[in-house]
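Secondary and tertiary structure notes
Here is what each chain is made of, one letter per residue.
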Amino acid sequence: MTSITGRIENLIGMTMDTCRPWITSEDGSVLFKDPVDGCEISAHYGASHMAASLIILGKLKDDHSMISEGESLLGSLLDRWDYMKSLPGFHNDFNNFALCIIDGLSDRSHDRIKDTVLKTDDTSFNTVNWLPMRWYVNRKRLEWTGEERYGKICEDIRSMLDEAVFPDGFIDDMLPKGRSFSLQYDVASTAFMQFLRVSGEQIDISSQTGALLNALCPDGDINYMGRGTNQVFCWGLWIYLLSSAGLNDELDRALSYLEGYLPVMLMNNNIMLNSNAGKEKYMWWDYHYCSVYTAHLLMWLVLALCDYGKKPVVPSYIPEGNSGLHIYRNDDSFVALFDGRSEYLAEKGPVISAVWTKESGTVFKGSFGPWYGLFGNRYIRPDASRKNFMGMMRENDGIIAAASSLIRKISRPGRKDTSGGFDPVFYRPQIDITDGIKITYRTDRHPAVLNIPVFKGSVLITVDGSEVKAQDTVTIRNQYGQATVTEMLIAPRKTVEIRIT
């Protein structure tokens, strides 16, 4: 039987084998080319994370060819740094962070890394999951210079992270709270803080870890809701958190899930754990690139191997706070209900985020998807995003108009009618799992369309206590695969009960 660390090494090996050939030489520079876009995504962080992966793993394995390749990519990166950081969307915090974790390992580049990080600003906005990386970078700057202003930045970041955590342990991704939450970026924030703990910081992440473990879908998925659904970005971080925290049972489960999907994802140059071809960029957000997310996964798998068991965490499970993510579970059933946030359609609510039964497995997960504006313009599939939602909705004649500049202009963050032509009706359902899963809605004075996408499983619908026959109207593809959508018109002031087995 392969050990836990051996399984992490296997994942590293297949990921390294996939993305190492993306390193190419061109016009005297060493580049990390994206296999889908055909060029280096220089404003992002694929190259820095790939260089870090090669150098760290090469040092761990005493593989001089790997170290040399990482040093060559790093040197080229530093040569081109001033140009790269001038590009729109340069990811300061990610790139600074990668340089800082290489520092001390790269025999040739300490002075260049130090000078580069000291002259490169932090990112100007406070996305919460980026803050722990910025903390680590400023701690390095303090170590290099002794200038207390860097220590003050670290303390300010600690305060912001504390502010972003709810009493139940879940973490919002924007401040002030109420704008954005997704499981992917909650995992990222928690794992980055665990890296700080491994690096010597005193931080308590017991409630944050417990909240995530409580939200874990019985199929092993930790990334089924919000902006980031089913993306691989969080999976290296999730493995890192569980590995470094000594949570071996949970790590075994996470590895099993990733092992089941990663080989196909890598083969297809995809960034989601499904069988789609990456060249389709199906349900990708505007900022998604295969090389960037694959190198990010690789670096965190390497760190998971290096830091295995180094800083144990004892998860604590706190009764529901006001984060808005509600988990209903027993041995036979699981439902995740999310109250919603204001910033993205993918995080609106109240919405059913996941449904699982022991009999059928995963019935549904992954509501909504990219939508016009707010990084959702390039690869949007309007029909799929519209119908990838379990609940009530109202449709009008403006569906096509949703793509117009006028509609995009008026569909600003915070509007309840998130776009012209798509009007989800965010009724709050009642959830009962004592005898199977029962989801109950009550319509208001307007008629509504009941929309139920399912991968598999049996759905029984009653309206005011009488069983009704709904129609399967369309098949959509969401972030996970094919879902059959059942729809029916519901009259005003009706009680609708959905039973799922």
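Position numbers for residues start from 1 in each chain and track the written sequence from start to end. Since the coordinates come from a predicted model, pLDDT governs what is reported: local features require at least 70, and pairs of side-chain atoms require 80 or more to be given and counted, while whole-chain, interface and lining totals use all residues. As a convention, hydrogens and water are excluded, and side-chain values are obtained from all of the structure's heavy atoms.

**What to know about the overall build of the chain**
A tally of regular secondary structure across the chain gives 15 helices and 16 strands. Just to be clear, the radius of gyration here is over C-alpha atoms, and the globule rule we use is 2.2 Å times residues to the power 0.38. For 501 residues, the compact-globule estimate of 2.2 N^0.38 gives 23 Å, and the C-alpha radius of gyration of the chain, at 23 Å, lies within 12% of that figure. Projected onto its principal axes, the C-alpha coordinates of the chain cover approximately 75 × 50 × 45 Å. A 1.4 Å probe rolled over the protein chains alone gives each residue an accessible area, and that area as a share of the maximum for its type sets the label: buried under 20%, exposed over 50%, partly exposed in between. The burial tally for the chain puts 61% of its 501 residues in the buried class. Contacts are assigned to residue pairs that have any heavy atoms within 4.5 Å of one another. Pairs at least 24 apart in sequence give 70% of the contacts found in the chain among residues at least 6 apart. All accessible-area figures derive from a Shrake-Rupley calculation using a 1.4 Å probe, and residue coverage is judged against the displayed protein chains alone. On the chain, roughly 19,100 Å² of surface is accessible, and the fraction owed to carbon and sulfur atoms is 48%. Computed over 52 positive and 62 negative side-chain charges, the inter-centroid distance for the chain is 4 Å. Runs of E in the DSSP output that reach at least two residues are strands. Runs of H or I that reach at least four are helices, and both are numbered from the N terminus. Counted as positive: Lys and Arg. Counted as negative: Asp and Glu. His and the chain ends are not counted at all. Lys charges are placed at NZ, Arg charges at CZ, Asp charges at CG and Glu charges at CD.

**A short note on helix α11 (residues 233-244)**
Most of α11 is tucked away, with 12 of its 12 residues classed as buried. Summarising the contacts, the buried residues of α11 are in contact with α1 (4-19), α5 (92-102), α9 (183-198), α10 (206-215), α12 (248-267) and α13 (290-306). Trailing α11 by a residue or two, Gly246 shows a phi angle of about 70°, which is positive.

**What about the pairing of strand β16 (residues 495-500)?**
Burial of β16 is one-sided: the residues Val496, Ile498 and Ile500 facing one way are buried, the residues Thr495, Glu497 and Arg499 facing the other way are not. Pairing between strands is defined by DSSP: at least two bridges between the two strands are required. Taken together, the six bridges between strand β10 (residues 437-442) and β16 define a ladder with antiparallel strand orientation. Directly across from Thr440, in β16, lies its bridge partner Glu497. Here strand β12 (residues 459-463) pairs with β16 via five bridges, running antiparallel. Each residue of the ladder has a partner; that of Thr462, found in β16, is Glu497.

**Considering the sheet that holds strand β9 (residues 430-432)**
Pairing is antiparallel across the open sheet formed by five strands, whose spatial order is β9-β10-β16-β12-β13. Two strands close off the open sheet at either side, each with one partner strand: β9 and β13 (466-468). The average undirected angle you get between the axes of adjacent strands in this sheet is 25°. Axis geometry follows a simple rule: fit a line to the C-alpha atoms, using only the stretch in contact for helices, then measure angles between N-to-C directions, giving values from 0 to 180 degrees.

**A word on the pattern of salt bridges**
Salt bridges, as used here, are contacts in which a Lys or Arg side-chain nitrogen is within 4 Å of a carboxyl oxygen on Asp or Glu. By the definition in use, this model includes 31 salt bridges. The salt bridge partner of Lys119 is Asp82, with a shortest N-O separation of 3.4 Å. Placement of Lys119 in the loop between α6 (110-118) and α7 (131-145) and of Asp82 in helix α4 (residues 81-85) is noted, with a sequence separation of 37 residues between them. In this structure, Asp219 engages Lys365 in a salt bridge whose closest nitrogen and oxygen atoms are separated by 2.6 Å. One end of the pair, Asp219, is in the loop between α10 and α11; the other, Lys365, is in strand β6 (residues 361-365), with 146 residues separating them in the sequence. Residue Asp219 is classed as partly exposed on the basis of its relative accessible area, which comes to 24%.

By themselves, these observations are geometric and do not establish any function.
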